[in-house]
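# Results of the structural survey
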Amino acid sequence: MAGMRVGAARAVAAGWVREAMRRDPSIGGAFFSGSTVGLPDGAVLPASSDVDVLLVRDGPAAKVGKFRHRGVLLEVSALTWAELGSPEEVLGSWVFAPMFRTDAVIADPSGRLAAIRERVAAGYADRVWVRRRCAGVRRRVEGGLARLDGRASLAEQVLGWVFPTSVLALLPAVAGLRDPTVRRRYVRAREVLAAYGFADRYEELLASLDGGGVGPGRVREHLAGLAVTFDEAARVGRTPFPFSADLSAVGRPVVVDGSAELVAAGAHREAMFWIVVTYARCHAVLAVDAPERERVLRPAFEAAVADLGVASAADRRRRAAALLGSLPRWQAVADAVAERAVAGWG
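One structure accompanies this document, and this report is about it. (Residues numbered from 1 in each chain as written. Predicted model: local features only at pLDDT ≥ 70, side-chain atom pairs only at ≥ 80, totals over all residues. Heavy atoms only, no water.)

### Quick look at the overall build of the chain
- Scanning the chain from terminus to terminus reveals 15 helices and five strands.
- Here the C-alpha radius of gyration of the chain, 20 Å, is about what a compact globule of 346 residues would show, namely 20 Å.
- Projected onto its principal axes, the C-alpha positions of the chain cover 50 × 45 × 40 Å.
- Going through the 346 residues of the chain one by one, you find that 53% of them count as buried. (Helix = DSSP H or I, 4+ residues; strand = E, 2+ residues; numbered from the N terminus. Rg over C-alpha atoms; globule rule 2.2 N^0.38 Å. Buried < 20%, exposed > 50% of the residue type's maximum accessible area, 1.4 Å probe, protein only.)

### Digging into the pattern of salt bridges
- In this structure the tally under the stated criterion is 27 salt bridges.
- The partner of E339 in a salt bridge is R127, with the nearest N and O atoms 3.1 Å apart. On the criterion of sequence distance, the pair formed by E339 in helix α15 (residues 313–344) and R127 in helix α6 (residues 127–146) is long-range, its members being 212 residues apart.
- Owing to a relative accessible area of 37%, E339 belongs among the partly exposed residues under this scheme.
- Using a relative accessible area of 37% as the deciding quantity, one classes R127 as partly exposed. (Salt bridge = Lys/Arg side-chain N within 4 Å of Asp/Glu carboxyl O.)

### Some details on the sheet that holds strand β2 (residues 51–57)
- The sheet built from five strands is open, its strands ordered β3-β4-β2-β1-β5 with mixed pairing. The sheet is open, and its two borders are formed by β3 (65–69) and β5 (105–107), each paired with just one other strand. Here the average twist between neighbouring strands, direction ignored, is 30 degrees.
- Direction of pairing for strand β1 (residues 27–33) relative to β2: antiparallel, over a ladder of six bridges. Bridging across to β2, I27 finds its partner in R57. (Pairing = 2+ DSSP bridges. Axes fitted to C-alpha atoms, helices over the stretch in contact; angles between N-to-C directions.)

### Focus on the packing of aromatic side chains
- Summed over all chains, the structure comprises nine aromatic pairs.
- Each ring, one from W16 and one from F67, has its centre 5.4 Å from the other, and the planes form 50 degrees; the classification is tilted. Of this pair, W16 sits in helix α1 (residues 6–23) while F67 sits in strand β3, placing them 51 residues apart in sequence. Each member of the pair, W16 as well as F67, is classed as buried.
- With 5.6 Å between their ring centres and 55 degrees between their planes, F273 and W274 make a pair best called tilted. By the burial criterion, F273 is buried, and W274 matches it.
- Chaining the aromatic ring pairs together yields one cluster made of F163, Y186, F273 and W274.
- Between R112 and the ring centre of W81, over which it is positioned, the NZ or CZ distance is 4.0 Å. (Phe/Tyr/Trp six-rings, centres within 6.5 Å; stacked < 30°, edge-to-face > 60°. Lys NZ or Arg CZ within 6 Å of the ring centre and 35° of its normal.)

### Re helix α9 (residues 185–195)
- Among all positions of α9, only R185, Y186, V187, R188, A189, V192 and L193 are buried.
- Tucked inside the fold, the buried residues of α9 contact α7 (154–167), α8 (170–175), α10 (202–210), α12 (252–264), α13 (268–289) and α15.
- Backbone geometry just downstream of α9 places G197 in the positive-phi region, at approximately 85 degrees. (Contact = heavy atoms within 4.5 Å.)

### Observations regarding the nonpolar core
- L84, F100 and L205 are the most contacted members of the largest nonpolar core, which has 92 residues in total.
- The element contributing the most residues to this core is α13, with 13 residues.
- A domain-level breakdown of this core finds at least three residues from each of domain 1 (6–123) and domain 2 (127–325).
- Excluding anything up to four places from it in sequence, L84 contacts F31, V56, L79, V90, F96, F100, L113 and I116.
- Of all hydrophobic cores here, the second largest spans 24 residues; its members include A9, A20, L55 and V72. (Core = buried A, V, L, I, M, F, W, Y, C linked by side-chain atoms within 4.5 Å. Domains from an automatic or database assignment.)

Here is the structure:
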């Protein structure tokens, strides 16, 4: 896939969708999501990136997975029309609205996605809806950190802490009318904060993840350890997990190579987010499917968690409380960013 243009990759994805819809009449539509939304057709698709596609079904939907199709790495998920919601619900969703602010629709025989696209495009930069989307981000942070469970496995505890903690990094992007991303969310937050005059706040945001800094050499060590653990989890994993498709040989470039790219670009601290997420996911799989190997590999995972300053449940609760206490200050930043972004929209 090296050197492939985004437009060509989208065309491959669209071809797969057409074939899937011919086989499965319950698929009512499809649209692009993820990091390729909004990119020009002529942009080069990084080898560490996939093309995300969301299928909309009439009935219960399950994730299809990550796979290669005609040289393109596709990540295909599915949801129901009820889960997607009405045009107004999509407009107020920080998850879905960015996908419809541009023409990301792949297939829409009923016209329902076109109606959503029209409503979102018309109201995307309206202050009321921007505030609603920002409020949704804040609720996700608050709700996630309120549910920390010190009785769960280390992998589950780390995932329960790191995801809601990292959602705070999405707040500047949502306020700034930029597409939130997954693996590169801290890089996107840094870009938006700098663009709107809040570059001095980024260190506080990043420290909420890593406690003040992990050096590049140490991050490279953690990435090397993750590569070993990832390969083991991909080899032995049998039990289905929601993230199973990510822990496979086909998904390795996104996790390992993508993280290495961040480190090489000087974003080593930002890379720790996805390194620790993937470490935790690998250990969740290993604990079920290869518990002896999980015990052998656990010290490397524990070292990565310790370098974030959250080795114990008490550490995670303390950091969660500190982040929750900072939310009013971040709300003020988001409000200021939103005002400037809305004023400059279009």
